[in-house]
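So you can see what is in the structure, the chains are spelled out below.
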Amino acid sequence: QVQLVESGGGLVQAGGSLRLSCAASRLIFSLNAMGWYRQAPGKQRELVATITTGGSTNYADSVKGRFTISRDSAKNTVYLQMNMVKPEDTAVYYCNVDITGLGYRWGQGTQVTVSS
């Protein structure tokens, strides 16, 4: 069974940085599109960023210029570098990965809290 293991969340002050990671374990199939979503309390889950197998990226307007998504295909891992974070970035962050033959899978989520 494929598992998506997220790490890197925590408490950070406004203006600081965090790096989230999401690694696929027990994987024998290839990964296609990968992305990060977030859900704040009382709000719907929203797209943060996505990256294709070719490296094309897409970002929510709210994070453009501050966040960077990247991937290491050899390690089956996707990253989210979060710089200049704001209190409104506080949310549970989820990775979402399209796995060949299995479809889209979600990670368990990692909490990011930005203090003002």
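Data block above holds the structure.
Predicted, not measured: the structure shown is a model, and the values here were computed from it. (Residues numbered from 1 in each chain as written. Predicted model: local features only at pLDDT ≥ 70, side-chain atom pairs only at ≥ 80, totals over all residues. Heavy atoms only, no water.)

Peer 1: Is there a simple way to think about the overall build of the protein in this case?
Peer 2: When its secondary structure is counted, the protein shows zero helices and eleven strands. Ordered by position from N to C terminus, the α and β elements of the protein give β-β-β-β-β-β-β-β-β-β-β. Taken over C-alpha atoms, the radius of gyration comes to 14 Å for the protein, in line with the 13 Å a tight globule of 116 residues would show. The principal-axis extents of the C-alpha atoms in the protein amount to approximately 45 × 25 × 25 Å. Scored against the burial criterion, the 116 residues of the protein give a buried share of 40%. Taking contacts inside the protein between residues at least 6 apart in sequence as the whole, the part at least 24 apart equals 53%. Within the protein, the 7 negative side-chain charges are centred at a point lying 3 Å from the centre of the 11 positive side-chain charges. (Helix = DSSP H or I, 4+ residues; strand = E, 2+ residues; numbered from the N terminus. Rg over C-alpha atoms; globule rule 2.2 N^0.38 Å. Buried < 20%, exposed > 50% of the residue type's maximum accessible area, 1.4 Å probe, protein only. Contact = heavy atoms within 4.5 Å. Lys, Arg positive; Asp, Glu negative; His and termini not counted. Charge placed at Lys NZ, Arg CZ, Asp CG, Glu CD.)

Peer 1: Before we go on, may I ask you to explain the pairing of strand S3 (residues 18-25) in this structure?
Peer 2: It is a general feature of regular strands that their side chains alternate between the two faces of the sheet. Bridging between strand S1 (residues 3-7) and S3 involves five bridges; their strand directions are antiparallel. Note on S3: the bridge partner recorded for Gln 3 is Ser 25. (Pairing = 2+ DSSP bridges.)

Peer 1: Whenever I open this one, the packing of aromatic side chains confuses me. Can you help?
Peer 2: Here the distance between the centres and the angle between the planes together describe a pair of aromatic rings. Inspection of the entire model under this criterion finds two aromatic pairs. On the basis of an interplanar angle of 70° and a centroid distance of 5.1 Å, the ring pair of Tyr 37 and Trp 106 is categorised as edge-to-face. Pair noted here: Tyr 37 is in strand S4 (residues 31-39) and Trp 106 is in strand S10 (residues 103-106), with a separation of 69 residues, a long-range link. Residue class for Tyr 37 comes out partly exposed when judged on its relative accessible area of 22%. Judged by relative accessible area, Trp 106 falls into the partly exposed class, the value being 42%. Between Tyr 94 and Trp 106, the ring centres sit 6.4 Å apart and the planes meet at 90°, which makes this aromatic pair edge-to-face. On the criterion of sequence distance, the pair formed by Tyr 94 in strand S9 (residues 91-99) and Trp 106 in strand S10 is long-range, its members being twelve residues apart. On the basis of relative accessible area, Tyr 94 is assigned to the buried category, the value being 14%. Ring pairs connect the aromatic residues Tyr 37, Tyr 94 and Trp 106, which therefore count as one cluster. The ring of Tyr 94 has Arg 45 sitting right over it, with the charged end atom 3.7 Å from the ring centre. Seen from the ring of Trp 106, Arg 45 lies directly overhead, with NZ or CZ sitting 4.5 Å from the centre. (Phe/Tyr/Trp six-rings, centres within 6.5 Å; stacked < 30°, edge-to-face > 60°. Lys NZ or Arg CZ within 6 Å of the ring centre and 35° of its normal.)

Peer 1: I'm lost on unusual backbone geometry in this one. Help?
Peer 2: If a residue is not glycine, its phi is most likely negative; likewise, a peptide bond is most likely trans. The phi angle at Asn 76 is positive, at roughly 50°, despite the residue not being glycine. Along the chain, the position of Asn 76 falls in the loop between strand S7 (67-72) and strand S8 (77-82). Judged by relative accessible area, which is 21%, Asn 76 ranks as partly exposed. Positive phi, close to 50°, is recorded for Met 84, a residue that is not glycine. A relative accessible area of 47% means that Met 84 is categorised as partly exposed.

By themselves, these are just geometric observations and shouldn't be taken as functional.
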